[in-house]
Amino acid sequence: MYSIKEIYKIGNGPSSSHTMGPQKAAELFLKKHPDCKSFHVTLFGSLAATGKGHMTDVAILNVLQTAGEVEIEWQPKIFLPFHPNGMVFKALDSHKNIIDKWTVYSIGGGALAEENKPMESSNPIYNMHHMNEILNWCEINGKNYWEYVKDCEESDIWDYLSEIWKAMRESIKRGLDEEGVLPGPLHLRRKASTYFIRASGYKQPLQSRGLVFAYALAASEENASGGKIVTAPTCGSCGVLPAVLYHLQESRSFSDIRIFRALATAGLIGNIVKTNASISGAEVGCQGEVGVACAMASAAANQLFGGSPAQIEYAAEMGLEHHLGMTCDPVCGMVQIPCIERNAYAAARALDANIYASFSDGIHRVSFDKVVDVMKQTGHDLPSLYKETGEGGLAKDYQQM
């Protein structure tokens, strides 16, 4: 299992798999062929089906057009066997002959892979990658999940998480200040500032819930507009964890170091899912994005309130379990409807999962590892039209009310 730095990446939206990943791939290919003046890029499956709404072509063109001519071919009906987000880059000579060809996949969270070969920027550093074995380690050693992260990561992890938290907070603050309409054909109006103002008129607990909604909307709307956000674990689910942590720090005055530890635990949760299943909406649906984000936020919140390792595992299990089967069906292929609203609801669900787990002794029947396995199988069983192709679910025959 790789560093949690692969879970938290600072970048621009609207999609980690459809924008950040292809941009990174283009940069790597250009670095390999800096003198090439002509490129051909073929996008397959989900990347082709919703790529224009996710600005996939823009991300690639912004990189390769600095060197020369670029042609993009769209193949939404062809799915390469390794992953739905397949790309083939070709470098061409002056006679359009192929100099080099590279097949690469955007597997979620901005990460890339060649077939059966992840291309992480670091080496595997975690010797345990299932929740149950890490939970047992915590119980035997009297430690918490963040301490396992500390033992495995390099010493700069807290500096890295400090930068991540700063970027998360800034995305929320920018989103709260912005008004107007999000880019694209949906003409979706920003709601974060309105929810924030209206929440102030309510008494607890409605004010608390309204603020959480506002914070999640703020980060998600920043993502939808192509703004700077943090994958947690993806761009499409970037509002859940920041909203929960921002709200708890603002309302309960948790110190930064406690927030960093909560981020470490949340990153471990996301890492476990990424290693044993997937965080790609194109592969397993939105359960792998918003569902995993909810599990991460549930665990982080429970840790902040003093939950035991067993209670934290239970909170994470509920956060993911109650998103099982969630489809990825973005209207017009854009990370707006239903994505933004789902972030707000998932943030509220995370706080509820924390409360529920806190009332328990942490003992329950279905483990987090079991839910991860079920999510993976459920994702594979879902037809492709429900996995970020814009052909099924809410995206099918959409008409504005």
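This structure is a prediction, so every number in the text was calculated from the model and none was measured.

Calculation rules
- Residues numbered from 1 in each chain as written.
- Predicted model: local features only at pLDDT ≥ 70, side-chain atom pairs only at ≥ 80, totals over all residues.
- Heavy atoms only, no water.
- Core = buried A, V, L, I, M, F, W, Y, C linked by side-chain atoms within 4.5 Å.
- Buried < 20%, exposed > 50% of the residue type's maximum accessible area, 1.4 Å probe, protein only.
- Helix = DSSP H or I, 4+ residues; strand = E, 2+ residues; numbered from the N terminus.
- Contact = heavy atoms within 4.5 Å.
- Pairing = 2+ DSSP bridges.
- Axes fitted to C-alpha atoms, helices over the stretch in contact; angles between N-to-C directions.
- Arc of directions from axis to C-beta.
- Phe/Tyr/Trp six-rings, centres within 6.5 Å; stacked < 30°, edge-to-face > 60°.
- Lys NZ or Arg CZ within 6 Å of the ring centre and 35° of its normal.

Student: Sorry, what's going on with the nonpolar core here?
Tutor: Soluble globular proteins tend to pack their nonpolar side chains together in the buried interior. Within the largest apolar cluster, 90 residues are counted, with the highest numbers of intra-cluster contacts made by Tyr8, Leu241 and Phe368. Sort the elements by how many residues they give to this core and helix α12 (residues 290-304) lands first, with 11 residues. Here Leu241 is in contact with Tyr8, Met168, Ala232, Leu263, Ala266, Met296, Ala297 and Ala300, once residues within four sequence places are set aside. Ala25, Val41, Leu43 and Ile60 belong to the second largest nonpolar core, which has 22 residues in total.

Student: I'm lost on the sheet that holds strand β3 (residues 69-75) in this one. Help?
Tutor: Consider a sheet: its strands pair through backbone hydrogen bonds, and that pairing is either parallel or antiparallel. In spatial order, the strands read β3-β2-β4-β5-β6-β7; together these six strands make up an open sheet with mixed pairing. The open sheet has two edge strands, β3 and β7 (117-118), and neither has a second partner. Packing of helix α1 (residues 16-32) onto the sheet brings it into contact with β2 (38-44), β4 (86-92), β5 (98-108) and β6 (111-114), and relative to β5 it is tilted by some 150°.

Student: Hey, could you run me through helix α3 (residues 56-64) in this one?
Tutor: Since one α-helical turn is 3.6 residues long, residues separated by three or four positions face the same way. For α3, the complete set of buried residues consists of Thr56, Asp57, Ala59, Ile60, Val63 and Leu64. An end-on view of α3 places all buried positions within 165° of arc, on one side of the element. Among the structural elements, α1, β2, α2 (45-50), β3 and β4 are those in contact with the buried residues of α3.

Student: Would you explain the side chain of Asn354 in this entry?
Tutor: Structurally, Asn354 can be placed in helix α14 (residues 339-359). With a relative accessible area of 5%, Asn354 lands in the buried category. With residues up to four places along the chain from it excluded, the contact list for Asn354 reads Ser298, Ala301, Asn302, Phe305 and Ala315.

Student: Looking at this structure, I do not really get the packing of aromatic side chains. What am I missing?
Tutor: Aromatic ring pairs are described here by two measures, namely the spacing of the ring centres and the angle between the planes. Using the criterion set out here, one finds 14 aromatic pairs in the structure. Aromatic side chains Phe29 and Trp102 sit 6.1 Å apart centroid to centroid with 10° between the ring planes, which places their arrangement in the stacked category. Of the two residues, Phe29 is situated in helix α1 and Trp102 in strand β5; the sequence distance between them amounts to 73 residues. By relative accessible area, Phe29 is classed as buried at 2%. By relative accessible area, Trp102 is classed as buried at 12%. Seen in terms of ring centroids, Phe254 and Phe305 are 5.7 Å apart; in terms of plane orientation they differ by 85°. Their pairing is edge-to-face. Here the residue Phe254 occupies a position in the loop between α9 (240-252) and α10 (256-276), and Phe305 occupies one in the loop between α12 and α13 (309-321), the gap between them amounting to 51 residues. Residue classification places Phe254 among the buried positions, given a relative accessible area of 11%. Here the aromatic cluster, defined as three or more aromatic residues joined through ring pairs, consists of Phe29, Phe39, Phe89 and Trp102. Sitting over the face of the ring of Trp74, Lys52 holds its NZ or CZ atom 5.2 Å from the ring centroid. When the ring centre of Trp146 is taken as reference, the NZ or CZ atom of Arg261 above it lies at 4.3 Å.

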